[in-house]
Protein chains: 2
Amino acid sequence: MPDAIPVDSVGIVAPHIAQFETPLTLSCGQDLPAYQLVYETYGTLNSNASNAILICHALSGDHHAAGYHAMSDKKPGWWDSAIGPGKAIDTERFFVISLNNLGGCSGSTGPTSINPETSDIWGENFPIVTVQDWVESQARLADRLGIQTFAAIVGGSLGGMQVLEWSIRFPTRLKAAVIIASAPNLSTQNIAFNEVARQSIRRDPEFHDGRYLNEQSVPTNGLGLARMLGHITYLSDDAMGSKFGRQMRHDNYQYNYGIEFEVESYLRYQGEAFTKRFDANTYMLMTKALDYFDPAGETDGDLSAVLSRAQCEFLLVSFTTDWRFAPERSEEIVNALVKAGKHVSYAKIEAAEGHDAFLFPIPRYMTTLNSFLTRIGNRILKEAQ
Amino acid sequence: MPDAIPVDSVGIVAPHIAQFETPLTLSCGQDLPAYQLVYETYGTLNSNASNAILICHALSGDHHAAGYHAMSDKKPGWWDSAIGPGKAIDTERFFVISLNNLGGCSGSTGPTSINPETSDIWGENFPIVTVQDWVESQARLADRLGIQTFAAIVGGSLGGMQVLEWSIRFPTRLKAAVIIASAPNLSTQNIAFNEVARQSIRRDPEFHDGRYLNEQSVPTNGLGLARMLGHITYLSDDAMGSKFGRQMRHDNYQYNYGIEFEVESYLRYQGEAFTKRFDANTYMLMTKALDYFDPAGETDGDLSAVLSRAQCEFLLVSFTTDWRFAPERSEEIVNALVKAGKHVSYAKIEAAEGHDAFLFPIPRYMTTLNSFLTRIGNRILKEAQ
């Protein structure tokens, strides 16, 4: 609980719900007849609706990106370090929108929702949604909020993939794309890790083929395992080493299968905590969206060709110790954009935190983000004059 | 099945069993009253027993390192590419011994054996054995075979840790130590991956707290998961990429939770195949032995200090794309040996295969191994004159 709301916080915020009754045709061919999206906004939309920034969340993210829901909250939103008055994404200047994606488990329609056609919980029958579907649903939310063109769309990891898709699919609807710790598609190794995570969940008997909510059950063992594994891949080898090294739980080895090293305890805790806040079907769905994303697939693997459609400015950011979405993957995007003659800035940030670095307020990273967005904001002001 | 035994094969081989009745006091403090070790030998021991090479196996290895057990065998032993007449470890010159370590599941006493005190299957109650315990038991096997001093002891990965331990524990009993794709201890990340593997097994309800054999059951789901995860870490990102890329199973995405990418199918197959040949309790035990190994622990983290006891020559080999036991880890050993004034050669081999490279007959690797062992063989001959 914050004793007082920090001065650079967006303060106490409340989520909104937008209900959509026009069916959405998904990549899988299925129609989603109606759905809702939960979102938050920070800052004020200006009179010509030109100062909006959309935040796209990653695998386990949600709409609560900044501020507090109540004074009793122990922690602010997941990207509070970057969003707020005077922060990198400055809410004194920009109107920031953050939503929970379709298929999520934090209020938007997803596997934990009721399928109106069957009056049953969707569960694993919720259609698999893709990055393209998210972008489509985000565009409808923008329409609803009266935003034709975003000043910027910003996202890290899977969020960055949504930003990339926006630049291709709706080239005139954003002035700038900020793609952080992301990739033009998953590597084979990434797909492999996702498959192990999904199998961890599916093989838990409490998963009940995705119908666990109907069975008053939760596949905590499997979802916890998936999170433990994910957690290892979000951290760098060095970061884990400096945080835990070979620190032991007891003074001497116990020579049993209990916890010997602190890192084991930490991972188990992370896994267990995750199962209390996240839905297993949503986790599976999010990993599939990652697997499917491959915009260059449309242009025979030529990323530059598909990116030639883009009209916005780009900022790409990568982190030196990120091995899940290594700098080389961001550089593939940068190179393709350069080849396509686009305006692109790129910052490779020295950081020990691995993939997780995108959530940390690393000074050079925050400055880069802020300078870029300030420039975009100034350009928009100038164009409006 | 080989149509005919290749000329550079050790041919048809049969395992031997050595029974030990003298209790072995283990690192955990427990006494193992009696035990057996299964082993194979290739080549001929010379009259002064100076040409013996001991092979130490890795996590999922066994005693069957070379040759065939029957003409109907589809594959030879696990390191047949390196062991045989005229091969890197030349059986025309050396007498090669390969054993299944204590706690294994291929014939040596381990969790699948009967505990004579209870007449019950040991299962998870089999004491955790360490690298030190293995080396002690290997020394007893050497005594039994009349070998006072090995020409060389050779091992990759966890096998390399045994070689390192030999050089410290029995400095006068080996002329040379060949430590391949190994490390002076596990990194935090390695321990973390092991913990996820163990939890995968333990959380499978078919594990029955390690008593699955009594329950006529096998934790195939959990052990399969552990192997899938292990497999990813044995391969390099690049190797997986070149082998599978984003190759799809079907012409189009199916948008369901079945197999979309070939790499998913491959991993599931690898996981399942492993559960047919390996015991879950042994897998857990082997991962614990990896976790515990840390010879510099005795000397306050000073690897050079503990290695000062060694008297043999060393060859260290690492592989460029190995991220589970990265070249830097081998170089820690090299540097510590140099600091301790030991005779050490080091080869960092260009290889795409990741950690698995140590099992491949990569020409520069095989030549390095052969040259080193030839020199050691010549030195021994000269000393005997």
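Residues numbered from 1 in each chain as written. Chains lettered and ligands numbered in written order. Predicted model: local features only at pLDDT ≥ 70, side-chain atom pairs only at ≥ 80, totals over all residues. Heavy atoms only, no water.

Asks: How would you sum up the overall build of chain A? Please name residues and give values.
Replies: Each helix and strand in chain A was counted, giving 10 helices and 14 strands. Dimensions of chain A, computed from C-alpha atoms along their principal axes, come out at roughly 70 × 50 × 50 Å. Expressed as a percentage of its 385 residues, the buried residues of chain A come to 60%. Split by element, the accessible area of chain A, about 14200 Å² in all, is 48% carbon and sulfur. (Helix = DSSP H or I, 4+ residues; strand = E, 2+ residues; numbered from the N terminus. Buried < 20%, exposed > 50% of the residue type's maximum accessible area, 1.4 Å probe, protein only. Areas by Shrake-Rupley, 256 points an atom, 1.4 Å probe, with all protein chains shown as cover.)

Asks: Which residues make up the packing of aromatic side chains, and what values go with them?
Replies: Counting across every chain of the model gives 34 aromatic pairs over all chains. When the ring of Trp 166 of chain A is compared with that of Phe 170 of chain A, the centres are 5.2 Å apart and the planes differ by 50°; the resulting orientation is tilted. Of the two residues, Trp 166 of chain A and Phe 170 of chain A, both sit in the buried class. Ring-pair connections join several aromatic residues into one group, and the members of that group are Phe 193 and Trp 323 of chain A together with Phe 193 and Trp 323 of chain B. (Phe/Tyr/Trp six-rings, centres within 6.5 Å; stacked < 30°, edge-to-face > 60°.)

Asks: So what about the interface of chain A and chain B? Which residues, and what values?
Replies: Residue-level contacts link 56 residues of chain A with 56 residues of chain B. Of the roughly 4800 Å² buried where chain A meets chain B, counting both sides, 65% is carbon and sulfur surface. Here chain A and chain B share six salt bridges between them. One salt bridge connects Arg 268 of chain B with Glu 195 of chain A, and the closest N-O pair in it is separated by 2.6 Å. Between chain A and chain B we count 22 residue pairs in polar contact (both at pLDDT 80 or more) in total. Sort the elements by how many residues they give to the side of chain A that touches chain B and helix H3 (residues 188-202) of chain A lands first, with 11 residues. When its residues are assigned to classes, the side of chain A that touches chain B shows 26 nonpolar, 17 polar and 13 charged. (Contact = heavy atoms within 4.5 Å. Buried area = accessible area lost by both parts, 1.4 Å probe. Salt bridge = Lys/Arg side-chain N within 4 Å of Asp/Glu carboxyl O. Polar contact = N/O pair within 3.5 Å; in protein donor to acceptor, adjacent residues only side chain to side chain. Nonpolar A, V, L, I, M, F, W, Y, C, P; charged D, E, K, R; others polar.)

Asks: If you had to explain the environment of Gly 301 of chain B to someone new, which residues and values would you point to?
Replies: Residue and element names in this part refer to chain B. Here Gly 301 is to be found in the loop between helix H7 (280-292) and helix H8 (303-307). Overall, Gly 301 belongs to the exposed group, its relative accessible area being 56%. Taking the C-alpha atoms as reference points, Gly 301 and Ser 157, 144 residues apart in sequence, are found 20 Å from one another.

Asks: With reference to specific residues and values, describe the confidence of the model for chain A.
Replies: Confidence in the prediction of chain A, expressed as mean pLDDT, is 97, and 99% of residues score 70 or more. Predicted as a complex, the structure gets a pTM of 0.96 and an ipTM equal to 0.95. (pLDDT = per-residue confidence, 0-100.)

Asks: Residues and numbers for the packing of helix H3 (residues 188-202) of chain B against helix H4 (residues 220-234) of chain B, please.
Replies: All names here are of chain B. Interaxial distance between H3 and H4 falls to 7 Å at its minimum, and their mutual angle equals 160°. Classified by the interaxial angle, the pair formed by H3 and H4 is roughly antiparallel. Every pair of crossing elements has a handedness; the one defined by H3 and H4 is right-handed. For the pair H3 and H4, contact is made by Phe 193, Val 196, Ala 197, Ser 200 and Ile 201 and by Gly 222, Leu 223, Leu 225, Ala 226, Leu 229 and Thr 233, respectively. A breakdown of the residues in the contact of H3 with H4 according to their chemical character gives eight nonpolar, three polar and no charged. (Axes fitted to C-alpha atoms, helices over the stretch in contact; angles between N-to-C directions. Parallel < 35°, antiparallel > 145°, perpendicular 65-115°, else oblique. Left-handed = near helix turned anticlockwise from the far one by under 90°.)

Asks: Break down the side chain of Ser 137 of chain B for me, citing the residues and quoting the values.
Replies: Residue and element names in this part refer to chain B. Inspection of the secondary structure assignment puts Ser 137 in helix H1 (residues 131-144). According to the relative accessible area criterion, Ser 137 is buried, its value standing at 0%. A polar side-chain atom of Ser 137 sits 2.7 Å from the main-chain carbonyl oxygen of Trp 134. Beyond its immediate stretch of four places on either side in the chain, Ser 137 contacts Leu 24, Tyr 35, Leu 37 and Leu 102.

Asks: Summarise the pairing of strand E14 (residues 344-349) of chain B; cite the residues concerned and give the values.
Replies: When strand E13 (residues 313-319) of chain B meets E14 of chain B, the two strands line up parallel, connected through six bridges. Residue pairing in the sheet places Leu 316 of chain B in a bridge with Tyr 346 of chain B of E14 of chain B. (Pairing = 2+ DSSP bridges.)

Asks: Summarise the relation of the copies chain A and chain B; cite the residues concerned and give the values.
Replies: Each copy superposes on the other: chain A lies on chain B with an RMSD of 0.0 Å after a rotation of 180° and an axial shift of 0.0 Å. Here the transformation between the copies is reduced to the relation of a two-fold axis. The share of interface residues of chain A whose copies in chain B are also at the interface is 100%, consistent with both copies meeting through the same surface. (Least-squares fit on C-alpha atoms with pLDDT ≥ 70 in both.)

Asks: Lay out the UniProt feature "domain: AB hydrolase-1" (unreviewed entry) in chain A in plain terms, naming residues and giving numbers.
Replies: The positions UniProt marks with the feature "domain: AB hydrolase-1" (unreviewed entry) are residues 51-359 of chain A. Annotated as residues 51-359 of chain A, this span is 36% helix and 13% strand, and its ends, taken at the C-alpha atoms, are 23 Å apart. (UniProt positions renumbered as here; feature names shortened; annotations may be inferred.)

Asks: Go over the state of the cysteines, please, and point to the residues and values.
Replies: Residues and elements named next belong to chain A. Under the counting rule described, the total for this entry stands at zero disulfides over all chains. Take Cys 28: it sits in no disulfide, and the sulfur closest to it among the cysteines is that of Cys 105, at 19 Å. The thiol of Cys 312 is unpaired, and the distance to the nearest cysteine sulfur, on Cys 56, comes to 12 Å. (Disulfide = S-S within 2.5 Å.)

Asks: Describe in detail unusual backbone geometry, supporting the description with residues and values.
Replies: The bulk of non-glycine residues show a negative phi, and the bulk of peptide bonds are trans. Residues and elements named next belong to chain A. One non-glycine residue, Ala 49, lies in positive phi territory at about 55°. Checked against the element boundaries, Ala 49 lands in the loop between strand E4 (35-42) and strand E5 (52-56). Residue Ala 49 is classed as buried on the basis of its relative accessible area, which comes to 12%. Even without being a glycine, Gln 216 presents a positive backbone phi close to 50°. Along the chain, Gln 216 falls in the loop between H3 and helix H4 (220-234).

Asks: How would you summarise helix H6 (residues 262-277) of chain A if you had to cite specific residues and measurements?
Replies: One turn of an α-helix holds 3.6 residues; hence residues three or four places apart share an orientation. The first and last C-alpha atoms of H6 of chain A sit 23 Å apart over 16 residues, in line with the 22 Å expected at 1.5 Å per residue. Three or more residues of H6 of chain A are buried, namely Val 263, Glu 264, Ser 265, Tyr 266, Leu 267, Gln 270, Gly 271, Phe 274 and Thr 275 of chain A. Looking at the buried positions of H6 of chain A, the neighbouring elements they touch are H4, helix H5 (237-244) and helix H7 (280-292) of chain A together with H3 and H7 of chain B. (Expected span 1.5 Å × (residues − 1).)

Asks: Please give an account of the UniProt feature "binding site: substrate" (unreviewed entry) in chain A that cites residues and values.
Replies: All names here are of chain A. In this numbering, the UniProt entry assigns the feature "binding site: substrate" (unreviewed entry) to Arg 227 and Asp 356. Spatially, the listed residues are clustered: although they cover 130 residues, their C-alpha atoms lie within 13.7 Å of one another. What makes Arg 227 buried here is its relative accessible area of 10%. With near-sequence residues (within four places) excluded, Arg 227 lies in contact with Ser 60, Tyr 234, Gln 270, Gly 271, Phe 274 and Arg 277. With respect to the helices, strands and loops of the structure, Asp 356 is situated in the loop between strand E14 (344-349) and helix H10 (363-384). Its relative accessible area of 17% is what places Asp 356 among the buried residues. Apart from the residues within four sequence positions on either side, Asp 356 is in contact with Tyr 234 and Leu 235.

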